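Summary of structural features
Chain by chain, the residues:
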Amino acid sequence: MEMREMLYEGKAKKVYATEDPDLLIVSYKDDATAFNGKKKGTITGKGAINNRVTNFMMQRLEEQGVPTHFVEELNDRETVVKKVEIVPLEVIIRNISAGSFAKRYGVEEGIPFENPTIEFSYKNDDLDDPLINEYHIQALKLATPEEVDTIKKMAFKVNAVMKEFFAQRNVDLVDFKLEFGKTSDGTIVLADEISPDTCRFWDSETHEKLDKDRFRRDLGNVEDAYDEMLKRIIG
């Protein structure tokens, strides 16, 4: 798969065109950011880990009937994906109180919910990705009600599959962010990534954090946590 010009560079990935207009190449970087880019750093080896973990998880999800943008892993850092138009929503599923949820509502971290929660953020860095509800989504014409329904169903399905998968690996899936895109024929598929950058993973017994919170909160051993998750997921 021949790489053409770079179309886009984000905080964690670069996206390149290919000779096929329906396919792109995503290249994962070691750059790390937190708090919408206000904190910057590097996590050595993170790009390769996030690429491999994402591809592994997307293939598991495809097997369970969740359509994704994954096509083919080229090497440690690069993957071919379907070209999609990203729906400008960050979809956050939470199983246990943590992070901004705990802060926003004044509850402690670590409280398991009876049922998973879902929230949407408007994907807009200039506005710091504000929380948004389904009425706002309609008002701003970000997605149709049918598309939001599809996204919600898919997000909860992803959660059910992943919770069970990680529980078998002695990891609590605390919360995670998903993004969805539309292929050229309008089909909604899971896009972006599933990795220690976009999920909160806690060891089921020690509750040790095995994700980007170690970078956000200066907890140290960030690389070790990412390596540990790679081992638990891929073996």
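Refer to the structure presented above.
Residues numbered from 1 in each chain as written. Predicted model: local features only at pLDDT ≥ 70, side-chain atom pairs only at ≥ 80, totals over all residues. Heavy atoms only, no water.

For helix α4 (residues 145-167), spanning 23 residues, the distance from its first C-alpha to its last is 33 Å, which sits close to the expected 33 Å at 1.5 Å a residue. Where α4 is concerned, the buried positions are Glu147, Val148, Ile151, Met154, Ala155, Val158, Asn159, Val161, Met162, Phe165 and Phe166. (Helix = DSSP H or I, 4+ residues; strand = E, 2+ residues; numbered from the N terminus. Expected span 1.5 Å × (residues − 1). Buried < 20%, exposed > 50% of the residue type's maximum accessible area, 1.4 Å probe, protein only.)

Bringing the packing of helix α1 (residues 46-63) against helix α6 (residues 222-234) into the picture now. Two elements in contact, α1 and α6, have axes separated by 10 Å at closest approach and are oriented at 25 degrees. As far as their axial angle goes, α6 and α1 are roughly parallel. Regarding α1 and α6, the two cross each other, and that crossing is left-handed. Contacts between α1 and α6 involve Lys46, Ile49, Asn50, Arg52, Val53, Phe56 and Met57 from the first element and Tyr226, Asp227, Leu230, Ile233 and Ile234 from the second. (Axes fitted to C-alpha atoms, helices over the stretch in contact; angles between N-to-C directions. Parallel < 35°, antiparallel > 145°, perpendicular 65-115°, else oblique. Left-handed = near helix turned anticlockwise from the far one by under 90°. Contact = heavy atoms within 4.5 Å.)

As a further point, take the environment of Lys157. Along the chain, Lys157 turns up in helix α4. Distance from Lys157 to Ala17, taken between C-alpha atoms, is 31 Å for residues 140 residues apart in sequence. Apart from the residues within four sequence positions on either side, Lys157 is in contact with Gln64 and Val66.

When strand β4 (residues 31-34) meets strand β5 (residues 39-42), the two strands line up antiparallel, connected through 4 bridges. When the bridges of β5 are listed, Ala34 appears paired with Lys39. Hairpin connection, β4 to β5: the antiparallel pair is bridged by 4 residues, and Phe35 has positive phi, about 55 degrees. (Pairing = 2+ DSSP bridges.)

Let us now look at the packing of aromatic side chains. On inspection of all chains with the given rule, the structure shows 5 aromatic pairs. Consider the rings of Phe166 and Phe201, whose centres lie 4.7 Å apart with planes at 45 degrees: the pair is tilted. Separated by 35 residues along the polypeptide, Phe166 in helix α4 and Phe201 in strand β14 (residues 199-203) bring together distant segments of the chain. With a relative accessible area of 0%, Phe166 lands in the buried category. The rings of Phe56, Phe165, Phe166 and Phe201 are connected pair by pair, giving a single aromatic cluster. (Phe/Tyr/Trp six-rings, centres within 6.5 Å; stacked < 30°, edge-to-face > 60°.)

Empty space among the atoms can be located by rolling a probe the size of a water molecule over them. Summed over all chains, the structure comprises 1 cavity of 30 Å³ or more. Approximately 30 Å³ is the volume attributed to the largest cavity. Forming the boundary of the largest cavity are Tyr28, Asn51, Thr54, Asn55, Met58, His69, Phe70, Thr79, Val81 and Asp192. Looking at the lining of the largest cavity, the elements that each hand over two or more residues are α1 and β7 (78-82). When residues in the lining of the largest cavity are grouped by element, the largest group, 4 residues, is from α1. Each residue belonging to the lining of the largest cavity can be placed in one class, and the counts come to 4 nonpolar, 5 polar and 1 charged. (1 Å grid on protein atoms, 1.4 Å probe; cavity = no way out; pocket = protein on both sides within 12 Å on 5 of 7 lines; lining within 4 Å. Points joined across faces, edges and corners; volume = space filled by probe spheres on them. Nonpolar A, V, L, I, M, F, W, Y, C, P; charged D, E, K, R; others polar.)

Take the sheet that holds strand β3 (residues 23-28) next. Spatially, β1-β2-β3-β7-β6 is the arrangement adopted by the 5 strands of the open sheet, whose pairing is antiparallel. Edge positions in the open sheet fall to β1 (3-9) and β6 (70-73), since each of these has one partner strand only. Looking at each pair of strands side by side, their axes are set apart by 30 degrees on average, direction ignored. Where β6 lies against β7, 3 bridges are found, and the strand directions are antiparallel. Directly across from Phe70, in β7, lies its bridge partner Val81. Against the sheet, α1 contacts β3, β6 and β7, and its axis sits at roughly 130 degrees relative to β6.

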